[in-house]
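# Fold and geometry: a report
Spelled out from the first residue to the last, the chains are:
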Amino acid sequence: MVVAILLSLAASFCTATSIVCQRLGAHSLTVQSQDGGETGGAGFDLMLVFRLARRPVWLLNFVFMFAGFAFQVTALRFGPLTLVQPLLALELLFVFGYLAVLQSRGEQRRGVRLREWLAAVAMSAGLILFLIAASSSRGRAHAPAALWWISGLAVFAVVAAAVAAANRAGSPARRAALLGVATGTVWGFLAAVIKELGSHLTDGPAAVLGNWSPYVLVGVGAAAMLLASHAMKAGPLAASQPGFTLLVPIVSILLGVFQFGERLRTSPAALTAEVLGLCVLAAGVWALSHSDLIDNRAEARTTPAQAEHEPRKLANRPQ
């Protein structure tokens, strides 16, 4: 379990770095659109990814995305979904820490405020409380096909409803929040697919390529990337980040129990502590997401030209 925890933390850092790179790329595109250089419209834009691909800072997110994926696959071989995925919620702390460092070195310097420290402590405390109370155990390596169909259709229904609601949303923040929910739901489902894929890696390339999981991972992963790009472009990260952060562990926990037979402690005291831990975690995520270091008020002070230089700082940071 210790190995799974360390690998999960490494995956969380890489995922957070990928999110920052995506956001910087989306922000530079938005600023250029406002200056008359490019337009994408308010609707769902299938060409968005191709325009973002011309920005090095956005392309760098793939390096950290694949590194995070490798850490996550390995972590899921040593621990259950119900342990690994909640730990990935710590990506928000890494995102916040990175932006705090950038702001401390910028023209308008500011330190970390007390409410931000409290939010970070609440996130950590809530997560620790949940993991200790749940004391999750590993289930089966493979989920039955019937359960995959049920969970896949359920996830599709939730995502379709969220995207439809986002297209009707009046404010950028609400649109970003709904797309964040859709993205987080898909990422939670992808975590279960990754666990299924990881269980076949030791059987050789033929077993991996003969299984459905790598193809679903590529297809659904591309859809998740498109959703995430739209969520980040639609409005402030403060609106979309709670969906990114909270839906992944929630969906993963449900799928871990439903599909893979992983078990959480279900005594009244344990359930109370688990719910309390998730509530404290959610409160910390909400509070930290609304820090001006994370939403557009801080990001607006980063120009597209500055954003293009951030990958060098990211790549040189020790992990």
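Here goes a summary of the coordinates provided.

About the thresholds
Residues numbered from 1 in each chain as written. Predicted model: local features only at pLDDT ≥ 70, side-chain atom pairs only at ≥ 80, totals over all residues. Heavy atoms only, no water. Helix = DSSP H or I, 4+ residues; strand = E, 2+ residues; numbered from the N terminus. Buried < 20%, exposed > 50% of the residue type's maximum accessible area, 1.4 Å probe, protein only. Polar contact = N/O pair within 3.5 Å; in protein donor to acceptor, adjacent residues only side chain to side chain. Contact = heavy atoms within 4.5 Å. Patch = residues over 30% accessible without salt bridge, like charges linked within 9 Å, V, L, I, M, F, W, Y side chains within 5 Å. Areas by Shrake-Rupley, 256 points an atom, 1.4 Å probe, with all protein chains shown as cover. Salt bridge = Lys/Arg side-chain N within 4 Å of Asp/Glu carboxyl O. Expected span 1.5 Å × (residues − 1). 1 Å grid on protein atoms, 1.4 Å probe; cavity = no way out; pocket = protein on both sides within 12 Å on 5 of 7 lines; lining within 4 Å. Points joined across faces, edges and corners; volume = space filled by probe spheres on them. Nonpolar A, V, L, I, M, F, W, Y, C, P; charged D, E, K, R; others polar.

This part covers the side chain of arginine 175. You can see arginine 175 is positioned in helix 8 (residues 172-198). Residue arginine 175 is classed as buried on the basis of its relative accessible area of 11%. Within the local environment of arginine 175, its side chain forms a polar contact with the side chain of asparagine 167, the two groups lying 3.3 Å apart.

Turning our eyes to something else, we now look at unusual backbone geometry. A negative phi holds for most residues other than glycine; trans holds for most peptide bonds. For serine 135, which is not a glycine, the phi torsion comes out positive at approximately 45°. Relative to the helices and strands, serine 135 is located in the loop between helix 6 (114-134) and helix 7 (145-168). Taking the relative accessible area as the measure of exposure, serine 135 reaches 41% and is therefore partly exposed.

A few words on the side chain of serine 240. With respect to the helices, strands and loops of the structure, serine 240 is situated in helix 11 (residues 237-258). Note on serine 240: relative accessible area 0%, which makes it buried. Those residues in contact with serine 240 that lie beyond four places of it in its chain are Ala176, Ala177, Gly180 and Ala231.

This part takes up a nonpolar patch on the surface. Together, Val112, Leu114, Trp117 and Leu118 make up a nonpolar patch on the protein surface, roughly 430 Å² of accessible area in all. As for its placement among the helices and strands, leucine 114 is situated in helix 6.

The terminal C-alpha atoms of helix 3 (residues 56-78), which comprises 23 residues, lie 34 Å apart, in line with the 33 Å expected from a rise of 1.5 Å per residue. For helix 3, the set of buried residues is Val57, Trp58, Leu60, Asn61, Phe64, Gly68, Gln72, Val73, Ala75 and Leu76.

This part is about the layout of surface pockets. Considering only enclosed or pocket space, the largest pocket measures out at about 730 Å³ in volume. Lining the largest pocket are 31 residues, with Met65, Phe69, Trp187, Leu190 and Ile194 positioned closest to its centre. Of the residues in the lining of the largest pocket, the class split is 22 nonpolar, eight polar and one charged.

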